[in-house]
Amino acid sequence: MMDIVYTIWLRNIKRYLRSKSRIAGSLGMPLFFLLVLGFGLNSVVRIPGSKQDYMGFIVPGIIAMTVMFTSVFSGIQIIWDKQFGFLKETLVAPVSRLEIMLGQTLGGATTAFIQGFIILVISLFIGSGHHATISGFLIASLFMVLIGLSFTAFGIAIASKMEDMHGFQLIMNFVIFPIFGLSGALFPIDSLPGWLQSLTLVDPLTYGVEGIRYGLAGLSMVNPFMSLVVMAGFTLATIALGTVLFRNISI
Amino acid sequence: MIEVENLTKKFEDHVAVDNISFTIERGEIFGLLGPNGAGKTTTISMLATLLKPTSGTARINGFDITTHKDEVRKSIGIVFQDPSLDEELTAYENMDFHGRLYRMPGNVRERMISELLSLVELAERKNSLVKTFSGGMRRRLEIARALLHEPEVFFLDEPTLGLDPQTRNHIWEYIERLNKEKEITIILTTHYMEEADRLCDRVAIIDRGRIIALDTPERLKDEIGGDVVTLESRDIEGLYAQLSKTAWIEHIEPHDGFITLTLHNAERHIAEIVRLSSTNGIDIDSISIHKPTLEDVFLRLTGRRIREEEADIRDRMRMMHRLHRG
Ligand SMILES: Nc1ncnc2c1ncn2[C@@H]1O[C@H](COP(=O)(O)OP(=O)(O)OP(=O)(O)O)[C@@H](O)[C@H]1O
Ligand SMILES: [Mg+2]
C-alpha cells in the first residue's frame, strides 16, 4: 500500500521540483498581495480590538491562500494526466484507485505546503511583525497541511468529474475564488454584517485561515480547537469524496 | 491464453463492439485489422480492464476480465494507441515508476530497465526528459515500459501509427524478436494491412464492431483467388457490362470510379482487356495488377477500402476549398 502511495507521491514531487517556472509563477500572486495589500494598507487599516497591524493580519491569510490555490491546482492536474494519457498507465496497473488517489493527495499537499512555507519565510524577512513561538509555527504548519490535503482532494474530486479543462474557468470563478474571498483571509470576519458573517462560517477555508493566524499571530476569531476539528473533518470528507469520484473516473 | 466470448460494448445506443468471440493461443501474434472506428481500441480497452463490457466476457491467462481485474492486470502489458508517457520525467524515471507500480524489487527493476532500454536502443538517452524525444523514440520507450514487468500477454494498439517507414520497420523487428525470444502472446491492432500481413499468425478483420473474417493472412488472401486487377475509368457501367461477360475473369466488382477483377495469370490477359474496351469505345484511365493483399480481402468483404475514411476527409477538404472559392 504505502509503496504505491510513495511512488505516486514521488512522481508529483519530481515534477514539482522540475518546474521552476511554475514554482515562481504561482508565488507571484501571493507576493503581489503581500506587498501591495500589506505595505499599501498597513498604515491605513487597523484591526479592531487588536494591537496587530494589517501586515501581520494578512500574512496568515496569504499563506492559506497560497496553500489552497496550489493544492487545488495540483488536484486538478489529473485532468492533464487524463488528456496526456498518463492516467491510463496508472489505471491499468495492478494497484487500487485508493492508493493512486492517496498518493496524488499527499503529493499535492506536499508541494502546496512547500509553496506556503516559502511565503511564510519571505514574510518573516519583510517584517510581518510576528514573534511566533516554535509551537506557534507548528500549529500553523498543521493547518497548512490540512488545507493542502483537503483542497488537493477537492481538486481531484472536481477533476474526476470534468472531461477536459473547459469547465476549469467556471470552477475557478464560482467555487475557488468565492471560497477564498469569503474566508476572512484579507479582512476580519467580526467586522462583517451578520448575514455575510454566517456565510464565512460555512466556508471551510475560514477555519484554516484562523488556525494559521492563531499559530502565527496568536489571534483568532474562532476557537482554535474548533478550527482544528472543522479542518480535520473537512479533510476526511474531501478525501472520501475524492476517493469515491476518482474510483469512477472514466478514461 | 485469451478467450473472448460474445464481448459487446455499447456507448449510449451506438454499438462499438458487437458480440465478438475468438480464442488466441499462447505464443501467437494475433491481429485486429480494421478501419477507423471499427472498435479495435474499445476491444483492447475491455480486455485490459479499463472499460467495462456491456455484455459478454473474456478470460486472459485463465482470469476473468471483470471479476479478476488485478490478476489480469498483472498478466498483461499494454502500449496504448495514444501517448501515455510522463513528458516531464526522464526515460529511466518513466520506467522506474512503472516498475514500482508493479511492485518489482529494486535490484530486479534496475537490471530489467537497463536491459530493456538497450533492447529498444535508448540506453544512452535514459536520463533525458521524454519531452525531448521524437515520436519513434517515445514509441520504443512505451514498448520497453510495457514489457518491464514481464507480462505474458502484450497488447499493442496501433504500434506504428504515424511513424516513418524506417522506424516502423524497426518496431516490427522488435515485435518479432519478442515473440520468438520471450514467447509472449501478442495482440496488435492496426489499420495498416502490411503490418497485419507481416507480423500476424492470424488476423481478425473487424468492421463496425463485428469480426467479419478470421484466419491466417495467407488463407485470407487465397480466398480472393488469383491476381487482382484494378481498372479506373469514367465509364464504370460500360466497362462492367463488357467485362462481366468474359469467361476467364473469376470475379468482378464495380466500385465508385474503379473496377476490381480477379483472374489467374493476369499479365497475359491485360492486353485483351485493353483491346476489348477500346473496340467498345470505353476509355481506361489506369490499370494495375497486384497479388492479393488484405486490403483486397477487406474490399471484397465490405465493398469499402480500409483507408476510405481518410480519402473521405480529403474529399471533404477539397469540397470546402471549392465552397470558399465560390
Ligand atoms: N468513450 C466513448 N464514448 C462514446 N463513443 C465512443 C467512445 N469510445 C469510442 N467510441 C466510439 O466507438 C467506436 C469504436 O471506436 P474505437 O476507438 O474502438 O475504434 P478503433 O477501431 O480503435 O479506431 P481507430 O483506428 O480510429 O483507432 C467509434 O465509433 C467511436 O466513436
Ligand atoms: Mg483505435
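Cut-off values and rules
- Residues numbered from 1 in each chain as written.
- Chains lettered and ligands numbered in written order.
- Predicted model: local features only at pLDDT ≥ 70, side-chain atom pairs only at ≥ 80, totals over all residues.
- Heavy atoms only, no water.
- Helix = DSSP H or I, 4+ residues; strand = E, 2+ residues; numbered from the N terminus.
- Buried < 20%, exposed > 50% of the residue type's maximum accessible area, 1.4 Å probe, protein only.
- Contact = heavy atoms within 4.5 Å.
- Areas by Shrake-Rupley, 256 points an atom, 1.4 Å probe, with all protein chains shown as cover.
- Lys, Arg positive; Asp, Glu negative; His and termini not counted.
- Charge placed at Lys NZ, Arg CZ, Asp CG, Glu CD.
- Donors = N, O, S within 2.8 Å, 3.2 Å for Na, K, Ca; no water.
- Buried area = accessible area lost by both parts, 1.4 Å probe.
- Salt bridge = Lys/Arg side-chain N within 4 Å of Asp/Glu carboxyl O.
- Polar contact = N/O pair within 3.5 Å; in protein donor to acceptor, adjacent residues only side chain to side chain.
- Nonpolar A, V, L, I, M, F, W, Y, C, P; charged D, E, K, R; others polar.
- Axes fitted to C-alpha atoms, helices over the stretch in contact; angles between N-to-C directions.
- Parallel < 35°, antiparallel > 145°, perpendicular 65-115°, else oblique.
- Left-handed = near helix turned anticlockwise from the far one by under 90°.
- Core = buried A, V, L, I, M, F, W, Y, C linked by side-chain atoms within 4.5 Å.
- Domains from an automatic or database assignment.

Peer 1: What should I look at first to understand the overall build of chain B in this one?
Peer 2: Check the secondary structure of chain B and you find 12 helices and 14 strands. Counting only C-alpha atoms, chain B reaches 80 × 45 × 40 Å along its principal axes. The buried share among the 326 residues of chain B stands at 51%. Counting contacts in chain B only where the partners sit at least 6 residues apart, residues at least 24 apart contribute 68% of the total. Per element, the accessible surface of chain B, about 15,600 Å² overall, is 47% carbon and sulfur. Within chain B, the 57 negative side-chain charges are centred at a point lying 3 Å from the centre of the 44 positive side-chain charges.

Peer 1: In this structure, what is going on with the coordination of the magnesium ion (ligand 2)? I would like to understand it.
Peer 2: For a metal bound by four donors in tetrahedral geometry, the ideal donor-metal-donor angle is 109.5 degrees, whereas six donors in octahedral geometry ideally sit at 90 or 180 degrees. For the magnesium ion (ligand 2), the full set of protein donor atoms is B:T41 (OG1) and B:Q81 (OE1), and the range of their distances to it is 1.8 to 2.0 Å. Taken as a pair, B:T41 in helix α1 (residues 40-47) and B:Q81 in the loop between β6 (76-79) and α3 (91-101) lie far apart in primary sequence, 40 residues in all.

Peer 1: Looking at this structure, I do not really get the interface of chain A and chain B. What am I missing?
Peer 2: At the interface, 23 residues of chain A touch 26 residues of chain B. Buried surface at the junction of chain A and chain B, summed over both partners, amounts to about 2,400 Å²; 60% is from carbon and sulfur atoms. The largest per-residue losses of area from chain A upon contact with chain B belong to A:E89, A:V92 and A:P94, which jointly make up 28% of the total buried on that side. One salt bridge in this structure joins B:R103 and A:D3, with 3.6 Å as the shortest N-O distance. Inspection of the chain A/chain B interface yields 8 residue pairs in polar contact (both at pLDDT 80 or more). When residues of the side of chain A that touches chain B are traced back to their parent elements, those giving at least two are α1 (2-18) and α5 (86-91) of chain A. With 9 residues, the top contributor of residues to the side of chain A that touches chain B is α1(A). A per-class count over the side of chain A that touches chain B returns 12 nonpolar, 3 polar and 8 charged.

Peer 1: Can you walk me through the packing of helix α10 (residues 204-217) of chain A against helix α11 (residues 224-247) of chain A in this structure?
Peer 2: Between two packed helices, both the angle of their axes relative to each other and the distance between the axes serve to describe the pair. Residues and elements named next belong to chain A. α11 packs onto α10 with a crossing angle of 135° between their chain directions and a minimal axis gap of 9 Å. When the axis of α10 is compared with that of α11, the two are oblique. Considering only the axes of α10 and α11, their crossing is left-handed. Here α10 contributes P204, Y207, G208, E210, G211 and Y214 to the contact with α11, which in turn contributes P224, M226, S227, V230, M231 and F234. For the contact of α10 with α11, the per-class residue count stands at 8 nonpolar, 3 polar and 1 charged.

Peer 1: Hey, could you run me through the nonpolar core in this one?
Peer 2: Core analysis: the biggest nonpolar cluster contains 142 residues, and A:M68 and B:F154 have the highest contact counts within it. Ranked by the residues each element gives to this core, the list is headed by helix α3 (residues 54-76) of chain A, at 13 residues. With near-sequence residues (within four places) excluded, B:F154 lies in contact with B:G77, B:V79, B:I143, B:A146, B:L147, B:L178, B:I184, B:T185, B:I186 and B:I187. Counting residues in each nonpolar core, the second largest holds 15 residues, with B:L231, B:A266, B:I273 and B:L276 among its members.

Peer 1: Even after reading the chapter, I still don't get the domain arrangement of chain B, so can you show me in this structure?
Peer 2: Think of interface size as the accessible area that goes away when the parts come together; that is how it is often given. One can read the domain layout of chain B as domain 1 (2-220) and domain 2 (225-291). Summarising the inter-unit geometry, the C-alpha centres of domain 1 of chain B and domain 2 of chain B are found 41 Å apart.

Peer 1: Where do I start with the side chain of A:S227 in this structure?
Peer 2: Residues and elements named next belong to chain A. Mapping S227 onto the fold places it in helix α11. S227 gets classed as buried once you look at its relative accessible area, which sits at 0%. Residue contacts for S227: discarding those within four places in its chain leaves F143, Y207, E210, G211 and V222.

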